[in-house]
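Structure at a glance
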Amino acid sequence: MKYILVTGGVISGIGKGIIASSVGTILKSCGLHVTAIKIDPYINIDAGTFSPYEHVVPHITDAIQEWVVKQATVPVDDDGVEPQVCVIELGGTVGDIESMPFIEAFRQFQFKVKRENFCNIHVSLVPQPSATGEQKTKPTQNSVRELRGLGLSPDLIMCRCSTALENSVKEKISMFCHVEPKQVICVQDVSSIYRVPLLLEDQGVVSYLSRRLNMPIDARPRKMLTKWKEMSDRSDRLLEHCSIALVGKYTKFSDSYASVIKALEHSALAISHKLEVKYIDSACLEPGTLQEEPVKYHEAWPHFCFGVRGTEGKIHAINWARIQKKPFLGVCLGMQLAVCEFARSTLGWKDANSTEFDPDSKHPVVIDMPEHNPGQMGGTMRLGKRRTIFTNDTSVLRKLYGDADYVEERHRHRFEVNPELKSHFEEKGFRFVGQDVEGERMEVIELDDHPYFIGVQYHPEFTSRPIKPSPPYLGLLLAAAGKLQSYLQKGCRMSPRDTYSDRSGSSSPDSDISELKMPSISSE
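Thresholds, definitions, all that
Residues numbered from 1 in each chain as written. Predicted model: local features only at pLDDT ≥ 70, side-chain atom pairs only at ≥ 80, totals over all residues. Heavy atoms only, no water. Helix = DSSP H or I, 4+ residues; strand = E, 2+ residues; numbered from the N terminus. Buried < 20%, exposed > 50% of the residue type's maximum accessible area, 1.4 Å probe, protein only. Contact = heavy atoms within 4.5 Å. Phe/Tyr/Trp six-rings, centres within 6.5 Å; stacked < 30°, edge-to-face > 60°. Lys NZ or Arg CZ within 6 Å of the ring centre and 35° of its normal. Axes fitted to C-alpha atoms, helices over the stretch in contact; angles between N-to-C directions. Parallel < 35°, antiparallel > 145°, perpendicular 65-115°, else oblique. Left-handed = near helix turned anticlockwise from the far one by under 90°. Nonpolar A, V, L, I, M, F, W, Y, C, P; charged D, E, K, R; others polar. Pairing = 2+ DSSP bridges. Expected span 1.5 Å × (residues − 1).

Side note on the environment of Leu 27
- Along the chain, Leu 27 falls in helix H1 (residues 16–28).
- Residue classification places Leu 27 among the buried positions, given a relative accessible area of 0%.
- Dropping the residues within four chain positions of it, Leu 27 is found in contact with Ile 4, Leu 32, Val 34, Val 85, Leu 209, Met 215 and Ile 217.

Following this line, the structure appears as structure tokens:
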């Protein structure tokens, strides 16, 4: 096993995740099996329940080194092959108090796995003040010095900068950071993040890692990178736009919905449209805001006319999308609130609600799961990959998944649709087309006589990939662009000009190029 640790310096949000992903991408294109680990220095028994606006105190488990070794060997592909390379992104910035235990753990780790199996990529900033226009190396020098003082020596220094590094600047970093010039990699601002793997490839990152880690890499032409370049070129010349309103509680911080935005981008790119996301604070859509802050209320609602806090605002948004027949995708809580909205508006249950928000509702259409302990918050969540069985042959989402009998997606929830009330909804055309393996939990909803009204209990954005978009999000973008029916009639195939490899979502070695078609999943 080869380990590549990606650290960052100077500022947070410098692009460690993109660098780590890009390194993984170019190694996959070489025929290697690659996995990844992301480590964030947080402490909490259930850090996942924190608001994205909050930060928490750091902590580290006692056995991080053993945990890394164990997780790195877990197969991540359908072929079940053990990964050969593990790319580890260490969150935070070198020098932060919360990351100190992790740095020390990896200082020790490098000796356990031996030098030929471990290397460190350090991502740093080379600012260019507008007053002088000169690229400054001192922040990078200081960051590398601090990293070395903690026991890690970078093998590659990837310099984030607004423009390409000048040769003199590259040589200066090389001299004062004790690396060869070829180990200083320029990662300047580019038109699309999908160009970063190509940028690293052009600067010899693969050949360096091959020598440094003694990895036998085939020199054959790499079809996956060819398709990646096609995708990058396409992203630069998109002319048609597609607008999506993202209604949520944490829209002031776009990173709160990073996975959702990426899933939307992947799908927009697949249909050759430029994505325009309109962030809407769900609280601003509530009638109470009209009285308290009328300006916010009137600013929020026009966004839709392009054709506990915030939940009522989301319900108003869902009602608008259903009545106006605008494409709608509800994820997790979004699906649950779609059930609440339909119960109130169509079934006439005016107080219908989730017991999460109104424990005394006479019509609890969303309830606690039996295994949930209310006193433990997320500690008893239904977490991880679970199987969803499609129960309807005409389901739109089933067709988008390649007419699969079932799908396996990641879950994270404590409440579920009340199964005892299922018949009331289906009598009115609100269908539960996907359920868990026991047939007790409602997983997917679809509404009859609507262009695209779908809700899923799981989080499909977590498995979306640039060249293999998530089916629920792809369906939303197709519907928004007026292309869904054509796509379905063609057997869920893209037009020839829109196709590229369907293998990039896997870390398996590169394979023949084929059409972008969601793979069928046969039943056992």
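Following the structure, the description resumes.
Section: the packing of aromatic side chains
- Under the counting rule described, the total for this entry stands at 12 aromatic pairs.
- Ring geometry for Trp 349 against Phe 425: centres 6.2 Å apart, planes inclined by 85°, an arrangement best described as edge-to-face. Here Phe 425 lies in helix H15 (residues 422–426) and Trp 349 lies in the loop between helix H13 (333–345) and strand S10 (353–354), a separation of 76 residues in the sequence. Phe 425 carries the same exposure label as Trp 349, and that label is buried.
- Considering the side-chain rings of Phe 430 and Phe 432, the 5.8 Å spacing of their centres and the 70° angle between planes classify their relative orientation as edge-to-face.
- Across from the ring centre of Tyr 406, 3.8 Å away, lies the NZ or CZ of Arg 387, which sits over that ring.

A closer look at the packing of helix H12 (residues 311–323) against H13
- Closest axis-to-axis distance for the H12/H13 pair is 9 Å, and the angle between their directions is 70°. Relative to H13, H12 is oriented roughly perpendicular. Our pair here, H12 against H13, has a crossing hand that is right-handed. Between H12 and H13, the residues in contact are Thr 311, Glu 312, Lys 314, Ile 315, Ile 318, Asn 319 and Arg 322 and Leu 333, Gly 334, Leu 337, Ala 338, Cys 340, Glu 341, Phe 342, Arg 344 and Ser 345, respectively.
- Split into classes, the residues belonging to the contact of H12 with H13 amount to 7 nonpolar, 4 polar and 5 charged.

Digging into the sheet that holds strand S15 (residues 430–436)
- If you walk across this open sheet you meet the 6 strands as S9-S17-S16-S15-S12-S13, and the pairing is mixed. One side of each edge strand has no neighbouring strand; the edge strands of this open sheet are strand S9 (328–331) and strand S13 (406–413). Here the average twist between neighbouring strands, direction ignored, is 30°.
- Where S9 lies against strand S17 (residues 453–456), 4 bridges are found, and the strand directions are parallel. Bridged to Phe 328 within S17 is Phe 453.

Some remarks on helix H9 (residues 258–270)
- If you check H9, its first and last C-alpha atoms are 18 Å apart, about what 13 residues at 1.5 Å a residue would give, namely 18 Å.
- Where H9 is buried, its residues meet helix H8 (223–236), strand S7 (241–248), strand S8 (274–281) and helix H16 (471–480).
- Taken from the residues just after H9, Ser 272 is the one with a positive phi, measuring 60°.

By themselves, these figures tell us nothing about what the structure is for.
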